[in-house]
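Report on the structure
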Amino acid sequence: MPSALSSFPARVTLLALFSATTFYFLYKSRRLRHLKTLTLSSKHTTRGKILFVSQTGTSENLAQRLHNLLASNGVVFDLVDAQSYEPEDLPKETLVLIVASTWEDGNPPSGARFFATWLAESVKDFRVGALLLKGCRFGVFGVGSRAYGERFNAVAKGFVKQIRDLGGSEVVPLGEGDVDGGELDLDFEKWCEKVVGFLKGKVLENGVNGNLECGVYDSEEESEGESDLEEEEIVDLEDIAGKVPPRKKTAAAAESNGNGNGKVNGQREMVTPVIRANLEKQGYKIIGSHSGVKICRWTKSQLRGRGGCYKHSFYGIESHRCMEATPSLACANKCVFCWRHHTNPVGKSWQWKMDDPIEIVNSAIEMHSNMIKQMKGVPGVTLERLNEGLTPRHCALSLVGEPIMYPEINTLVDELHKRRISTFLVTNAQFPDKIKSMKPLTQLYVSVDAATKDSLKAIDRPLFGDFWERFIDSLTALKEKHQRTVYRLTLVKGWNTEDVDAYYKLFSIGEP
Ligand SMILES: Cc1cc2nc3c(=O)[nH]c(=O)nc-3n(C[C@H](O)[C@H](O)[C@H](O)COP(=O)(O)O)c2cc1C
Ligand code: SF4
């Protein structure tokens, strides 16, 4: 048990606080986000931004024109080159107008690659969720050439989709300028008219109403502080899922695949080509046939000299030296909040071809290091931090799936420890025997997704018929472990936030 946080109520409160905040906003706010984003509070007084993405100056000139036009209407925006804009600040923005050109192969100009990559990666990062930019209203004008066919204004179109996917509210429909055959100036003017119309409170064709008096565009007073909304929007706790499907679609009980034969080294590969492609699209690096590694957004953040995750605040773990990995992408549940929905491999026991633990560790470190190297040259990344990042000191075995399903988990953990890498492992409490036989880890977490049998069944949709007995046995096994143990609560309002007494009983079983 850790000394600083060994106080049971303190630890439970902190974990519950993180998880509850995350899920409450992921789940509830998704449905409400349109309503909310249309009703800006007077706290949002950040000045609007005009961002330009430009290589040869066309988009920059147009952006400058828009800037002047708005200024002549009494509204002052900041005019910023996307090249020098810090995308981590986007969630703080309340209104962003982007003028963006498209270049070779439908890509942005090289100077704006970081901005574009940040957006694309945030959409794919399941931990970010659909709320990151929910306070941000935006409009995009694309500068390109129709001669490029399907790639005409690909960058501008991509920005619109990505910002929408991250919860942004599009207040002016995409404008498209064609520098070759089209009427660039005219099309831009029309788009600018819509922007001015929006700012003057006119209802646009997409039904969004602007309002000059809402405080967003106040040219005199610029708020320095961060809004309350932003504070509420703290999402992401390592492997917490981002997108919650509606309850009615997910309430059906999970079906066992019925094939669990307990073979330690089966013939089938766990990761099928379809699953592999799906995971790789989301930034996962697949190791062998059942393991994965992914660079965490906190790792990137701390590499850039920004904040780390809660393990940095709690335990001093340096996020830029942390590797997030799992030796089993499969698990024995189909939790309703799992981002993988129905695409993940499931099983009651190991039934797949098995890779060597040493090879998994070596490949994980190599792949992780390669991802770290790609951060070279990114604003804020110093050589010193980059080099530190190349030698991970901590491994979060909690990416996705159930790590203790992997039959060689003990050897794998030993390998990590031999390399002076500390280990945090998260299990979903369905394999009590595995918990018992697990060698000491730096910290062992058990996910407590619900406090009663019925709610656990509804939320985790376990494959095992005796899931509740397994769950209780897992907590009992935890108590008997002579090491640091933690319950991790994932609280979703309306699903599992009641039954306080039942949670209390569970705490007295495991004594985390
Ligand atoms: C090599 C090259 C590739 C281009 N590729 C595209 C493209 O894929 N799609 C598109 O819409 N426009 C494309 N364009 C047109 C540019 O977007 C256009 O020249 C624009 O004015 C550049 O704006 P900027 O000066 O703001 O960067 C391309 C232009 C060049 C020279
Ligand atoms: S523990 Fe590591 S992987 Fe997990 S959120 Fe923190 S930095 Fe990222």
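Being a predicted model, the structure only gives us computed values, none of them experimental. (Residues numbered from 1 in each chain as written. Chains lettered and ligands numbered in written order. Predicted model: local features only at pLDDT ≥ 70, side-chain atom pairs only at ≥ 80, totals over all residues. Heavy atoms only, no water.)

1. Topic: the pairing of strand β3 (residues 95-101)
With 7 of 7 residues buried, β3 lies mostly within the body of the structure. Neither face of β3 is left uncovered, since the one carrying L95, L97, V99 and S101 and the one carrying V96, I98 and A100 both have all their residues buried. Relative to β3, strand β1 (residues 49-53) runs parallel, the two being bridged by 5 bridges. Across the sheet, residue K49 finds its bridge partner in β3, namely V96. Strand direction decides the pairing type here: β3 and strand β4 (residues 137-144), joined by 7 bridges, are parallel. Residue I98 lies in a different strand from β4, and its bridge partner there is V140. (Buried < 20%, exposed > 50% of the residue type's maximum accessible area, 1.4 Å probe, protein only. Helix = DSSP H or I, 4+ residues; strand = E, 2+ residues; numbered from the N terminus. Pairing = 2+ DSSP bridges.)

2. Focus on the packing of helix α3 (residues 113-124) against helix α4 (residues 154-165)
One can describe the packing of α3 onto α4 by two numbers: an axis separation of 9 Å at closest approach and a directional angle of 45°. With respect to α4, the axis of α3 lies oblique. For the pair α3 and α4, the sense of crossing is left-handed. Across the interface between the two elements, F115, A116, L119, A120 and V123 of α3 pack against F159, Q162, I163 and D165 of α4. Each residue belonging to the contact of α3 with α4 can be placed in one class, and the counts come to 7 nonpolar, 1 polar and 1 charged. (Axes fitted to C-alpha atoms, helices over the stretch in contact; angles between N-to-C directions. Parallel < 35°, antiparallel > 145°, perpendicular 65-115°, else oblique. Left-handed = near helix turned anticlockwise from the far one by under 90°. Contact = heavy atoms within 4.5 Å. Nonpolar A, V, L, I, M, F, W, Y, C, P; charged D, E, K, R; others polar.)

3. Overview of the packing of aromatic side chains
Inspection of the entire model under this criterion finds 15 aromatic pairs. Taking the centre distance of 6.5 Å and the plane angle of 25° together, the rings of Y503 and F507 count as stacked. Of this pair, Y503 and F507 both sit in helix α17 (residues 500-510), 4 residues apart, roughly one helical turn. With respect to burial, Y503 and F507 carry one shared label: buried. By way of ring pairs, the aromatic residues Y310, F314, Y315, F424 and Y445 are connected into one cluster. A cation over an aromatic ring shows up here: K294 above the ring of Y284, its NZ or CZ 5.4 Å from the ring centre. In this structure, R297 packs its charged tip against the face of W298, placed 5.5 Å from the ring centre. (Phe/Tyr/Trp six-rings, centres within 6.5 Å; stacked < 30°, edge-to-face > 60°. Lys NZ or Arg CZ within 6 Å of the ring centre and 35° of its normal.)

4. Focus: the sheet that holds strand β9 (residues 394-397)
Sheet architecture is open: 7 strands sit in the order β6-β7-β8-β9-β10-β11-β12, paired in mixed fashion. Every other strand in the sheet has two partners, leaving β6 (285-287) and β12 (485-489) as the edge strands with one partner each. Shown here is a sheet whose adjacent strand axes are inclined to one another by a mean of 25°, direction ignored. As paired elements, strand β8 (residues 322-326) and β9 share 4 bridges and run parallel to each other. Bridging from a neighbouring strand, E324 pairs with A396 of β9. In this fold helix α11 (residues 357-373) packs onto β6, β7 (291-294) and β8, with an angle of close to 165° to the strand it touches most, β6. The strands that α17 touches are β11 (443-448) and β12; relative to β12, the one it contacts most, it runs at about 160°.

5. So, the pairing of β1
With 5 of 5 residues buried, β1 is to be regarded as a mostly interior element. Residues of β1 alternate between two faces, with K49, L51 and V53 on one and I50 and F52 on the opposite face, all of them buried. Summarising the sheet, β1 and strand β2 (residues 78-81) pair through 4 bridges and their orientation is parallel. When the bridges of β2 are listed, F52 appears paired with D81. In the classification by handedness, the crossover that spans β1, the intervening helix α2 (residues 58-72) and the parallel β2 is right-handed. (Right-handed = clockwise from strand over helix to strand, strands pointing away.)

6. Focus on the packing of helix α16 (residues 467-480) against α17
It is at 6 Å that the axes of α16 and α17 come closest, and there the two elements cross at 50°. With respect to α17, the element α16 is oriented oblique. Judged by residue contacts, W468, F471, I472, L475, T476, L478 and K479 of α16 engage L506, S508, I509 and G510 from α17.

7. What about the environment of G389?
Among the structural elements, G389 can be located in helix α12 (residues 383-389). The class for G389 is buried, based on a relative accessible area of 0%. Separated by 68 residues in sequence, G389 and R321 place their C-alpha atoms 4.6 Å apart. With sequence-adjacent residues up to four places away left out, G389 is seen in contact with H320, H368 and I372.

8. With respect to unusual backbone geometry
Of note in this structure, R420 is not a glycine but carries a positive phi near 60°. Locating R420 in the fold gives a position in the loop between α13 (409-418) and β10 (422-427).

9. Things to note about the site of ligand 1
Taken together, the neighbourhood of ligand 1 is formed by 19 residues, with S54, Q55, T56, T102 and W103 sitting nearest. V143 is positioned with one of its backbone polar atoms (N or O) 3.4 Å from an oxygen atom of ligand 1. Within the backbone of S145, one N or O atom sits 3.0 Å away from an oxygen atom of ligand 1. Relative to its unbound accessible surface of 630 Å², ligand 1 loses 85% to contact with the protein. Across the shell around ligand 1, the residue classes tally to 5 nonpolar, 12 polar and 2 charged. (Near = heavy atom within 4 Å. Polar contact = N/O pair within 3.5 Å; in protein donor to acceptor, adjacent residues only side chain to side chain. Areas by Shrake-Rupley, 256 points an atom, 1.4 Å probe, with all protein chains shown as cover.)

10. Observations regarding the sheet that holds β3
As summarised here, the arrangement of the 5 strands in space is β2-β1-β3-β4-β5, forming an open sheet in which the pairing is parallel. The strands lining the two open edges of the sheet, one partner per strand, are β2 and β5 (169-178). Averaged over all pairs of adjacent strands, the angle between strand axes in this sheet comes to 15°, irrespective of strand direction. Its contacts with the sheet place α4 against β1, β3, β4 and β5, and it is angled at close to 165° to β4.

11. Things to note about the environment of V99
Looking at the secondary structure, you find V99 in strand β3. Given a relative accessible area of 0%, V99 falls into the buried group. A sequence separation of 39 residues divides V99 from E60, and the C-alpha atoms of the two residues are 7.5 Å apart. Setting aside residues no more than four positions away along its own chain, V99 makes contact with L51, F52, V53, S59, L62, A63, F141, V143 and F188.

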